[in-house]
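Coordinate inspection notes
Here's the letter readout for the chains.
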Amino acid sequence: MHKYKNEVIELLAKECKDLTKEDIGELIEFPPSPDLGDLAFPCFFLAKIYRKNPKTIAEDLAGKISSPSFRKVESAGAYLNFFINSEEFTKDILEDLKEKKEGFGRVNPGQGKTIVLEYSSPNIAKPFHIGHIRTTVIGDSLKRIADFLGYKTIAINHLGDYGTQFGMMIEAYLRWGDQEVIEKNPIPELVKLYVRINEEAKDNPELLDNARNWFVKLENQDPKAVELWEWFREVSLEEFQRVYKLLDIHFDYYTGESFYSPMLKDTVDLMEEKGVLTDSQGARIVDFGDDLPPAIIVKKDGSSIYLTRDMATALYRKKEFDFYKSIYVVGSQQSLHFQQLKAILKKMGYDWEEDMVHVAFGMVALKDGTLSTRRGKVVYLEDVLNKAIDKVDEILLEREEDRGEKMDNRRDLAKMVGIGAVKFQELFNQRIKDYVFDWDQTLSFEGETGPYVQYTHARICSLLKKGDFKLEDPVDPKNLALDEEQQLLKKLSRFGDVAMDALEKYEPYFITRYITDLAKTFNKYYTHNQINTEDEDVKKARLLLSYGVKTILAQGLDLLGIQAPEKM
Ligand code: ARG
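A brief report on the enclosed structure follows.

Calculation notes
- Residues numbered from 1 in each chain as written.
- Predicted model: local features only at pLDDT ≥ 70, side-chain atom pairs only at ≥ 80, totals over all residues.
- Heavy atoms only, no water.
- Salt bridge = Lys/Arg side-chain N within 4 Å of Asp/Glu carboxyl O.
- Helix = DSSP H or I, 4+ residues; strand = E, 2+ residues; numbered from the N terminus.
- Buried < 20%, exposed > 50% of the residue type's maximum accessible area, 1.4 Å probe, protein only.
- Core = buried A, V, L, I, M, F, W, Y, C linked by side-chain atoms within 4.5 Å.
- Near = heavy atom within 4 Å.
- Polar contact = N/O pair within 3.5 Å; in protein donor to acceptor, adjacent residues only side chain to side chain.
- Areas by Shrake-Rupley, 256 points an atom, 1.4 Å probe, with all protein chains shown as cover.
- Nonpolar A, V, L, I, M, F, W, Y, C, P; charged D, E, K, R; others polar.
- Phe/Tyr/Trp six-rings, centres within 6.5 Å; stacked < 30°, edge-to-face > 60°.
- Lys NZ or Arg CZ within 6 Å of the ring centre and 35° of its normal.

**As for the pattern of salt bridges**
On inspection of all chains with the given rule, the structure shows 39 salt bridges. Put simply, glutamate 118 and arginine 317 hold a salt bridge, and the shortest N to O gap is 3.0 Å. Of the two residues, glutamate 118 sits in strand 4 (residues 114-118) while arginine 317 sits in helix 13 (residues 306-321), which places them 199 residues apart along the sequence. In this pair, the class of glutamate 118 matches that of arginine 317, namely buried. Each member of the salt-bridge network shares a partner with another, and the members are Asp390, Asp393, Glu400, Lys406, Arg410 and Arg411.

In structure tokens form, the structure reads like this:
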């Protein structure tokens, strides 16, 4: 569809000198129903410029524009509708598919540009809980989409491995901790210590003073403090790694907040130099006037805070990676924090703060009860993932019994489908919406789910095998003239655009919805039309179309971080 969109842009640019090609590109739409054409151009914007009725403008343009790629160009109300010449279109796509094979649909707008993506970033010595699924899976998908579009990507896990809470941890450990107990079950035991010190500090404020001291010591590289902190970090990271392995999610860097601690002094000096800091009762703060609440940068005792470290982080990333975009996939509760971060950089005169994007998201709750992260009621992400695998394994076992045939890789398949289902559910809605995690919905093999799309993919794989599909087999475009076939081809041709839109809006759900729709459309086609029919020529054409659908389903799943098994 890319080629046709570009052609429409060229055709319109010639007639509408007051619009840039970019403007036109942004205005072009893909109509929801075939009788409105394949591409459409709304004339409201031009109407404002020319102070004319949009309908008249559309009629005018329809009279002037023609091209062999389009069988007709027609006005309908304020819209100019373009109807693609199907035979040529079919021929184009089939050639493209044969040439690019598994790479079909790939576009490359990102060449030479670097996108830094920060996601997941759990806190050391704290549970890696179900709430973290959001940043982890959304971030990984955005990275995959950016890679697909030819950007160079840098994936960073900004571990929460620094801050006053580590002073609390050290104090608590030295009072009540037991190394052996912690090593057996690190995070839950560390959490217990943390909860306890918070409780006891209510009656005993001395604990807080000690904790603050420990953090100052940590900032000053005191060996005892550093040793304990490193140990907390290490045992926590081991647990996190287990979860990343299950999810098959990887990072280029695990540079957490502590990584930036040696840069804090220079960062604060630079802020002083640029004159953005003022005094407030012994602390150094940034005052934004009426725009935003003030932000503390250096506390009275000289220690840094979360925002100070994010300042150092932003400066470092710009210098190190010279990013085109720097993305922070972090919950919407931290919106103010990122607004302040960007506002400070702006005050300092760095216009690249505009390229820093806070990709926010809403909350996830479990269907049986809300999600609590306090005390013992934590739902660990690892447990959710393992439960998904076990539940799918049960379903597959039932299928084995029904079919009276054993699978040779049932457990691997259960993992692909179980983990895939959880990711798919996570990526199904607009990210800012809160959602409820529901087991039955997630794991269903029917409806709008991961297993459904995976199953469609596997079914096509077996169709191709059965029909002895060969990519080289010649196909006559005339054999793909049915409405349903044309609809499928048009959907296929839009994949690159969908990926670009997904990245532009930072919304992986565009891909999720697209592949769900593609799978549904294919299944409808398949129910009405036999693929492996008697007529060899028709069969070859249908197999090639099916191969195209399979390829894009696999590619789309891959952009969500989901595997596409060939047999299910
Ligand atoms: N560790 C933080 C948390 O769990 C998220 C880090 C977000 N990233 C950042 N650069 N501040 O809430």
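**Concerning the nonpolar core**
One finds Leu12, Leu39, Phe41, Phe70, Leu80, Phe82 and Phe232 to be the most contacted residues of the largest nonpolar core, which totals 156 residues. With 13 residues, helix 11 (residues 223-247) is the single largest residue contributor to this core. Of all hydrophobic cores here, the second largest spans 29 residues; its members include Met271, Phe321, Phe338 and Leu341.

**As for the site of the ligand**
Every residue lining the ligand is accounted for by Glu118, Ser121, Asn123, His158, Tyr306, Asp310, Tyr328, Val330, Gln334 and Phe338. Contact between the ligand and serine 121: a nitrogen atom at 2.9 Å from a main-chain N or O atom of the residue. Side-chain polar atom of glutamine 334 to an oxygen atom of the ligand: 2.9 Å apart, as the coordinates give it. Burial of the ligand by the protein amounts to 87% of the accessible area it has alone, namely 350 Å². Of the residues that constitute the shell around the ligand, the class distribution is four nonpolar, four polar and two charged.

**With respect to the packing of aromatic side chains**
Within this structure, the stated rule accounts for 32 aromatic pairs. A ring pair is formed by phenylalanine 44 and tyrosine 79, whose centres lie 5.9 Å apart and whose planes are at 85°; its orientation type is edge-to-face. One end of the pair, phenylalanine 44, is in helix 3 (residues 44-50); the other, tyrosine 79, is in strand 3 (residues 79-84), and 35 residues separate them in sequence. With 5.8 Å between their ring centres and 40° between their planes, tryptophan 231 and phenylalanine 232 make a pair best called tilted. Phenylalanine 232 sits in the buried class, given a relative accessible area of 0%. Among the aromatic residues, those joined into a cluster by ring pairs are Tyr119, Phe128, Phe240, Tyr244, Phe251 and Tyr254. The ring centre of phenylalanine 83 lies 4.5 Å from the NZ or CZ of lysine 72, which sits over that ring.

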